[in-house]
Amino acid sequence: MNKRLCGLYVITDENLIPRDSFIETVEKSIKGGADIIQLREKTSSTDDIIALGKTLHEITKKYNVPLIINDNPEVAREIGAEGVHLGESDYSILSARQILGNDSIIGISCYNQLQRGINGVREGADYLTFGTPFYTTTKPDRDPTKLEILIEAKRLLKDVPIFAIGGINKENACSVLKTGIDGIAVITSVFGSDDPEKSSAELSSIVKKH
């Protein structure tokens, strides 16, 4: 799979998506235009995440959309997912690369730390996320990331896909995308809506215009 990543990056939320319609709901977001899916499970057991991930991966493969697993490269390997997303307290990029191999996608959260992004690229990260540009209920205590950081990150790391995450919706997505970044990552604006497919389509349309 091409490791060049861009567009609408949709992240699952176990509190927003009913368990009995989880796969169906995520598939709707893909039908709407999600370019990347991240399975983010914070409270489920490892066995449950692997089982859910394998089922979800069958759907994402059907649409040729990469599936990224949050936090754990060993779980990503077990699922056969295309990659993993790492936070500051998770596995190192080097450890994840040793577990997953050179063809897997490894992304990292940079928060509002430009130097973390620069270091991550040196260590082999395939994409970066910076957040949060706006208030988000997912990370209510996070200090906002100034849009200038996104502009500077893209200037310094122009060949690396960069996404913004945090409080992004169809009303404010344009202001973030105008910084020149490669895409937006969203949770609530898709899975907190009554119609995930429509919400995904609206956001995807905005991204494509930029």
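Residues numbered from 1 in each chain as written. Predicted model: local features only at pLDDT ≥ 70, side-chain atom pairs only at ≥ 80, totals over all residues. Heavy atoms only, no water.

Break down helix α9 (residues 196-209) for me, with residues and values.
A rise of 1.5 Å per residue sets the reference length of α9, with its 14 residues, at 20 Å; its end C-alpha atoms lie 20 Å apart and thus fit the reference within 8%. Of all the positions in α9, only Pro196, Ser199, Ser200, Leu203, Ser204, Ile206 and Val207 are classed as buried. Along the axis of α9, the buried residues cluster in a sector spanning 160°; they form a single face. The exposed set on the far side of α9, more than 90 degrees from its buried face, consists of Lys208 and Lys209. (Helix = DSSP H or I, 4+ residues; strand = E, 2+ residues; numbered from the N terminus. Expected span 1.5 Å × (residues − 1). Buried < 20%, exposed > 50% of the residue type's maximum accessible area, 1.4 Å probe, protein only. Arc of directions from axis to C-beta.)

Before we move on, could you go through the pairing of strand β6 (residues 127-131) and cite the residues and values that matter?
It is a general feature of regular strands that their side chains alternate between the two faces of the sheet. Burial of β6 is extensive: five of the five residues sit out of reach of the surface. Of the two faces of β6, the one lined by Tyr127, Thr129 and Gly131 and the one lined by Leu128 and Phe130 are each fully buried. The pairing of β6 with strand β7 (residues 162-165) spans four bridges and is classified as parallel. Bridge pairing in β7 places Gly131 opposite Ile165. Handedness of the crossover is the feature at issue here: the chain leaves β6, passes through helix α6 (residues 147-156), returns alongside β7, and the resulting connection is right-handed. (Pairing = 2+ DSSP bridges. Right-handed = clockwise from strand over helix to strand, strands pointing away.)

Now, about the sheet that holds strand β5 (residues 105-111): what can you tell me, with residues and values included?
The eight strands lie next to each other as β1-β2-β3-β4-β5-β6-β7-β8, forming a closed barrel whose pairing is parallel. Sheet twist, expressed as the average angle between the axes of neighbouring strands with direction ignored, equals 25°. Both β7 and strand β8 (residues 183-186) contribute to a ladder of three bridges, which runs parallel. When the bridges of β8 are listed, Ala164 appears paired with Ile184. Across the sheet, helix α2 (residues 46-62) touches β2 (36-39) and β3 (67-70), and the angle it forms with β2 is around 170°. (Axes fitted to C-alpha atoms, helices over the stretch in contact; angles between N-to-C directions. Contact = heavy atoms within 4.5 Å.)

Residue-level account of the packing of helix α1 (residues 22-32) against α2, with values.
For the pair α1 and α2, the least separation of the axes is 10 Å and the interaxial angle reads 30°. Put simply, α1 runs roughly parallel to α2. The hand of the α1/α2 crossing is right-handed. On the side of α1, the interface is formed by Phe22, Ile23, Val26, Glu27 and Ile30, while α2 contributes Leu52, Thr55, Leu56, Ile59, Thr60 and Lys62. (Parallel < 35°, antiparallel > 145°, perpendicular 65-115°, else oblique. Left-handed = near helix turned anticlockwise from the far one by under 90°.)

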